[in-house]
Amino acid sequence: MSGETDLDKMLATLDVERRPGRFAFVSGDHPELRPVAAAMIDEAEGTTLVVPVDAARSAGIDVEFEAAWLTLTVFSALDAVGLTAAFSAALGTVEIPCNVLAGYHHDHLLVPVDRVDDAVDTLRALAAG
């Protein structure tokens, strides 16, 4: 199944779901956290894991940023243009930082846990036009 490429259609069908839990970004070699990692990114500087906050703290890691995980339910194509810019601009307007992970089917946004309700409201307002 191919995803949507038309920005207007993507925005019109955009909704957001929150994944349960709180998440932390962890940098470095932490093999004990890999089984619980929701995401892993290999970079030249090292590996970044996105893990539950409790798991990071149990491993003795100081959590600097607690994130809520939001998933955009619109099925956007990998070559779609403009969706990331649209939701980034909307969140930026209300000063909500957003870390984006793109999956094959959906975009995933990690936002400060204390701003998650504002982020959801902002994204739904973007969809409503």
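1. So, the packing of aromatic side chains
Here is step 1 of the chain: Taken as a whole, this structure holds two aromatic pairs when the rule is applied.
Here is step 2 of the chain: Consider the rings of phenylalanine 25 and phenylalanine 65, whose centres lie 6.3 Å apart with planes at 40°: the pair is tilted. Taken together, the residues phenylalanine 25 in strand S1 (residues 16–27) and phenylalanine 65 in the loop between helix H2 (53–58) and strand S4 (67–72) connect sequence positions 40 residues apart.

2. Here's the deal with the side chain of threonine 47
Here is step 1 of the chain: Summarising the element assignment, threonine 47 is placed in strand S3 (residues 46–52).
Here is step 2 of the chain: A polar contact is formed between the side chain of threonine 47 and the side chain of aspartate 42, at a distance of 2.8 Å.
Here is step 3 of the chain: Residues contacting threonine 47, with those up to four places away along its chain left out, are Val26, Ser27, Gly28, Arg34, Met40, Ile41 and Asp42.

3. Observations concerning the sheet that holds strand S6 (residues 107–112)
In a beta sheet, neighbouring strands are held together by backbone hydrogen bonds and run either parallel or antiparallel to one another.
Here is step 1 of the chain: If you trace the six strands from one edge of the open sheet to the other, you get S2-S3-S1-S4-S6-S5, paired in antiparallel fashion. Every other strand in the sheet has two partners, leaving strand S2 (39–43) and strand S5 (99–102) as the edge strands with one partner each. Direction aside, neighbouring strands of the sheet carry axes that sit 30° apart on average.
Here is step 2 of the chain: Each of S4, S5 and S6 touches helix H3 (residues 83–93); the most contacted strand, S6, lies at about 15° to it.
Here is step 3 of the chain: Contacts from helix H4 (residues 116–128) reach S1, S4 and S6 within the one sheet, and its direction differs from that of S4 by about 20°.

4. What to know about the nonpolar core
Burial of nonpolar side chains together is a common tendency in soluble globular proteins.
Here is step 1 of the chain: Of all hydrophobic cores here, the largest spans 21 residues; its most connected members are Leu14, Leu70, Leu72, Leu83, Leu109, Val111 and Leu123.
Here is step 2 of the chain: Sorting the residues of this core by element identifies helix H1 (7–12), S4, H3, S6 and H4 as the ones contributing at least two each.
Here is step 3 of the chain: When residues in this core are grouped by element, the largest group, five residues, is from H4.
Here is step 4 of the chain: If we ignore the near neighbours within four places in the chain, the residues touching leucine 72 are Leu14, Asp15, Val16, Phe87, His106, Asp107, Leu109 and Leu123.
Here is step 5 of the chain: Core analysis: the second largest hydrophobic core is formed by 10 residues, Leu49, Val53, Ala55 and Ala56 among them.

5. Some thoughts on the pattern of salt bridges
As a working rule, side chains carrying opposite charge can pair if their charged atoms are close by.
Here is step 1 of the chain: In the structure shown here, the tally under the stated rule is four salt bridges.
Here is step 2 of the chain: Note that glutamate 66 is salt-bridged to arginine 57, the shortest N-O span being 2.8 Å.
Here is step 3 of the chain: Since its relative accessible area comes to 43%, arginine 57 is described here as partly exposed.
Here is step 4 of the chain: We note a salt bridge from aspartate 118 to arginine 115, for which the minimum N-O separation is 2.9 Å.
Here is step 5 of the chain: Residue aspartate 118 is classed as partly exposed on the basis of its relative accessible area, which comes to 37%.
Here is step 6 of the chain: Three or more residues joined by partner-sharing salt bridges are found here, namely Arg22, Arg57 and Glu66.

Criteria and cut-off values
Within any chain, residue numbers begin from 1 and follow the written order of that chain's sequence. Local features in this predicted model are restricted to residues of pLDDT 70 or higher, and side-chain atom pairs are both shown and tallied only at a pLDDT of 80 or more, whereas totals for entire chains, interfaces and linings draw on every residue. Side-chain metrics rest on all non-hydrogen atoms present in the structure, leaving aside hydrogens and water. Pairing of aromatic rings covers Phe, Tyr and Trp, the last counted by its six-membered ring, and requires centre-to-centre distances within 6.5 Å; plane angles under 30 degrees mean stacked, over 60 mean edge-to-face, and any other angle means tilted. Here a strand is any run of E in DSSP of at least two residues, a helix any run of H or I of at least four, and the numbering for each starts at the N terminus. Between N or O atoms, a polar contact is any pair within 3.5 Å; within protein, one atom must be a potential hydrogen donor and the other a potential acceptor, and residues adjacent in sequence are included only when both atoms are from side chains. Only heavy atoms matter for contacts: two residues are in contact if any of them lie within 4.5 Å across the pair. Strand pairing is assigned whenever DSSP detects at least two bridges linking the two strands. To get an axis, a line is fitted to the C-alpha atoms, and for a helix only the part in contact is used. The angle between two axes follows their N-to-C directions and goes from 0 to 180 degrees. Note on terminology: a nonpolar core comprises buried Ala, Val, Leu, Ile, Met, Phe, Trp, Tyr and Cys residues joined through side-chain atoms within 4.5 Å. Burial classes follow relative accessibility: with a 1.4 Å probe on protein chains only, a residue under 20% of its type's maximum area counts as buried, one over 50% as exposed, and anything between as partly exposed. In what follows, salt bridge is the name for a side-chain nitrogen of Lys or Arg lying within 4 Å of a carboxyl oxygen of Asp or Glu.

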